[in-house]
Amino acid sequence: MFHVATPVPAVRPSARKRRVAFVVVGAVIAGLLAIVVTLLVTGTFAAAVRPIAPLAPLLPFEPTADDGLISGDTEVTLADHDLPAIARLDPALAEAMRDAEMDAAADGIEFEVTSGWRDDDYQRWLFDDAVDFYGSEETARQYVATPERSSHVTGHAVDIGPLDAQLWLIQYGSAYGICQTYANERWHFERATEPGGVCPEMKLDAEG
Ligand SMILES: [Zn+2]
């Protein structure tokens, strides 16, 4: 006798295809989920959707009051101790300048501080700007000192205006130990001698 094999119920081809497609789609979704979770966990995704924060350090440097900036639209005097440009001046220079300021006031002259202490970054920024303007580091050095050489960075220099205050200091400054130190900067003063002493010969410029 022979028997007829019971036909194994075949999986219909269309059903198999559907199962394969289901597995493939599932794998793809799982893969994508894994990538998103990884990006979220590592912060890459968060960084990508918030581009402003990571880019901030790439913005060009702009000096602020903390760097010693005195903005052009504010009138600053030696009494403005809340500004780092004034507060971080060398104490001996600040004291000599205040003595001179008091006596100049008796002559009807007021000192305005146009620049005082500056930090390295601010001085570097000024120097780089001068290089752009004059076209070479060599020429720029005649007008702006590098951070390594600037007496503003150490707090040993102060720029004074307006013209009548500059002329007063050029004439009487040595009585307080204050001298114009660069021939091409009639606004730039340093404590360069003893009170009542003789000012040293001026350097030609910031490079001299
Ligand atoms: Zn100066």
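Residues numbered from 1 in each chain as written. Predicted model: local features only at pLDDT ≥ 70, side-chain atom pairs only at ≥ 80, totals over all residues. Heavy atoms only, no water.

Undergrad: How would you explain the sheet that holds strand E4 (residues 188–191) if you had to name every residue and give the values?
TA: Judged by pairing direction, the sheet is antiparallel, and its four strands sit side by side in the order E1-E2-E4-E3 without closing on themselves. Strands at the two margins of the open sheet, each flanked by one partner only, are strand E1 (112–115) and strand E3 (178–180). Direction aside, the axes of adjacent strands within the sheet are offset by 45° on average. Pairing geometry for strand E2 (residues 157–161) and E4, over three bridges, is antiparallel. In the sheet register, Val158 faces E4, and the bridge partner there is Phe189. Contacts between helix H8 (residues 163–172) and the sheet are confined to E2, E3 and E4, with E2 contributing the most and set at about 125° to the helix. (Pairing = 2+ DSSP bridges. Helix = DSSP H or I, 4+ residues; strand = E, 2+ residues; numbered from the N terminus. Axes fitted to C-alpha atoms, helices over the stretch in contact; angles between N-to-C directions. Contact = heavy atoms within 4.5 Å.)

Undergrad: Please give an account of the layout of surface pockets that cites residues and values.
TA: Roughly 440 Å³ of volume is contained in the largest pocket. If you trace the largest pocket, you find 22 residues lining it, with Arg118, Tyr143, Val144, Asp159 and Trp187 closest to the centre. The element that contributes the greatest number of residues to the lining of the largest pocket is helix H6 (residues 120–134), accounting for four residues. Here the second largest pocket is characterised by a volume of approximately 180 Å³. For the second largest pocket, the lining is made up of 13 residues, of which Ser151, Thr181, Tyr182, Glu190 and Lys203 are closest to its centre. Of the residues contributing to the lining of the second largest pocket, the split by class is five nonpolar, four polar and four charged. (1 Å grid on protein atoms, 1.4 Å probe; cavity = no way out; pocket = protein on both sides within 12 Å on 5 of 7 lines; lining within 4 Å. Points joined across faces, edges and corners; volume = space filled by probe spheres on them. Nonpolar A, V, L, I, M, F, W, Y, C, P; charged D, E, K, R; others polar.)

Undergrad: Can you explain unusual backbone geometry? Please cite residues and give values.
TA: Cis geometry marks the peptide bond from Gly161 to Pro162, where omega comes out at -10°. Looking at the secondary structure, you find Pro162 in the loop between E2 and H8.

Undergrad: Provide a residue-level description of the nonpolar core, including the pertinent values.
TA: Judged by nonpolar contacts, the single largest core of 23 residues is most densely connected at Met97, Phe111, Val113, Ile160, Trp168, Leu169 and Ile178. Elements represented by at least two residues in this core include exactly helix H4 (84–87), helix H5 (91–106), E2 and H8. Considering each element in turn, this core owes the most residues, six residues, to H5. In this structure Phe111 touches Val76, Thr77, Leu78, Met97, Ala100, Glu101, Ala104, Ile160, Gly161, Ala165, Trp168 and Leu169, once residues within four positions along its chain are discounted. Within the second largest apolar cluster, five residues are counted, among which are Phe127, Ala130, Val131 and Val144. (Core = buried A, V, L, I, M, F, W, Y, C linked by side-chain atoms within 4.5 Å. Buried < 20%, exposed > 50% of the residue type's maximum accessible area, 1.4 Å probe, protein only.)

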